[in-house]
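Chains, contacts and geometry: an overview
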Amino acid sequence: MKRTLPLITLFLFCFLAGVALAQSALNITVNKTPYCGCCKQWMAHLQANGFMVSGKDVDDTAPVRASLGMPAKLGSCHTAVINGYVIEGHVPAEDIKRLLREKPKALGLAVPGMPLGSPGMESANPQPYETLLVMKDGSTKVWAKH
């Protein structure tokens, strides 16, 4: 019994540390304007998919986007940061989770504009759209098609 208690304690410590690490890995900060409803809906989509979301209201997201190196041509209504990656626009949670798993050498992900049917832009008439992997030089590659 004397050996069992330390083993149980060690197991619980490792388990709780793993849970804490997994949760901290999904902390995302969203820079958005205070009056944009679709940004709030995108944040709710992330929360429903296990992200810990904190919103930061700004007057204009363009300067934030520029300061983070995201090209203006890829812009949308909100710019987020998670684990050193920039997330621009209505990127699905699963695409972000894949980014965090695969850890490519890139700036981040973008869904330019505000395509109908993307998370936060739900619509009865969704349009096809792509999530782009944005490289540090501003070039892009298709990360996912939706």
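As a starting point, this report considers the structure included with it. Small disclaimer: the values here were computed from a predicted structure and weren't measured. Numbers given to residues run from 1 along each chain, matching the order in which its sequence is written. In keeping with the model being predicted, local features are shown solely for residues with a pLDDT of at least 70 and side-chain atom pairs are shown and tallied solely at 80 or more, while totals for entire chains, interfaces and linings include all residues. Hydrogens and waters are ignored; side-chain quantities use all the structure's heavy atoms.

**Notes on the sheet that holds strand β6 (residues 130–134)**
Spatially, the seven strands line up as an open sheet ordered β2-β1-β3-β4-β5-β6-β7, and their pairing is mixed. Only two strands of the sheet have a single neighbouring strand rather than two, namely β2 (52–57) and β7 (140–145). In this sheet, adjacent strand axes meet at a mean angle of 25° when their direction is disregarded. The strands touched by helix α2 (residues 37–48) within the sheet are β1 (27–32), β2, β3 (78–82) and β4 (85–89), with β1 carrying the most contacts at an inclination of about 175°. Note on contacts: a residue pair is in contact if any heavy atoms of the two residues lie within 4.5 Å. Angles run from 0 to 180 degrees between N-to-C directions of axes, and those axes are lines fitted to C-alpha atoms, restricted for helices to the stretch in contact. Under the scheme used here, helices are H or I runs from DSSP no shorter than 4 residues and strands are E runs no shorter than 2 residues, and both carry numbers assigned from the N terminus. Across the sheet, helix α4 (residues 93–102) touches β1, β3, β4, β5 (108–111), β6 and β7, and the angle it forms with β7 is around 125°. Should DSSP find at least two bridges between two strands, the strands are taken to pair.

**A short note on the environment of I28**
As for its placement among the helices and strands, I28 is situated in strand β1. Judged by relative accessible area, which is 1%, I28 ranks as buried. Setting aside residues up to four positions removed in sequence, I28 forms contacts with W42, L46, F51, M52, V53, S54, A80, V81, I82, I87 and I96. Summary of the burial criterion: residues with accessible area below 20% of their type's maximum are buried, those above 50% are exposed, and those between are partly exposed, where the area comes from a 1.4 Å probe applied to protein chains only.

**A short note on α4**
Of the positions making up α4, those classed as buried are A93, D95, I96, L99 and L100. Take α4 and look down its axis: the buried residues cluster within an arc of 165°, on one side only. Positive phi appears at K103, one or two residues downstream of α4, with a value of about 50°. Note: the arc covers the axis-to-C-beta directions of the helix.

**A look at the packing of aromatic side chains**
Between 30 and 60 degrees the pair is tilted, below 30 it is stacked and above 60 it is edge-to-face, where a pair is any two Phe, Tyr or Trp rings, Trp via its six-membered ring, whose centres lie within 6.5 Å. For the coordinates displayed, the defined rule picks out zero aromatic pairs. Against the face of W143 rests R98, its NZ or CZ located 3.7 Å from the ring centre. Charge over a ring is defined by NZ of Lys or CZ of Arg lying within 6 Å of the ring centre and within 35 degrees of the ring normal.

**Looking at the nonpolar core**
In this description, a nonpolar core means a group of buried Ala, Val, Leu, Ile, Met, Phe, Trp, Tyr and Cys residues linked to one another through side-chain atoms lying within 4.5 Å. With 25 residues, the main nonpolar core has I28, W42, L46, F51, I87, I96 and L109 as its most contacted residues. Listed by contribution, the elements that provide at least two residues to this core are β1, α2, β3, β4, α4, β5 and β7. Here the element with the most residues in this core is α4; it accounts for four residues. Contact partners of W42, with chain neighbours within four places excluded, come to I28, V30, H78, A80, I87, G89, H90, V91, I96, P119 and G120. If you look at the next biggest cluster of nonpolar residues, it comprises seven residues, including M70, V86, A110 and V134.

**Description of the pattern of salt bridges**
The term salt bridge refers to a pairing of a side-chain nitrogen on Lys or Arg with a carboxyl oxygen on Asp or Glu at a separation within 4 Å. Scanning all chains against the criterion turns up five salt bridges. Residues R65 and E88 are paired through a salt bridge, measuring 2.9 Å at the closest nitrogen-oxygen approach. Taken as a pair, R65 in helix α3 (residues 61–67) and E88 in strand β4 lie far apart in primary sequence, 23 residues in all. One exposure class covers both R65 and E88, and it is buried. We note a salt bridge from R98 to E102, for which the minimum N-O separation is 3.0 Å. Here R98 and its partner E102 are both found in helix α4, four residues apart, which amounts to about one turn of the helix.

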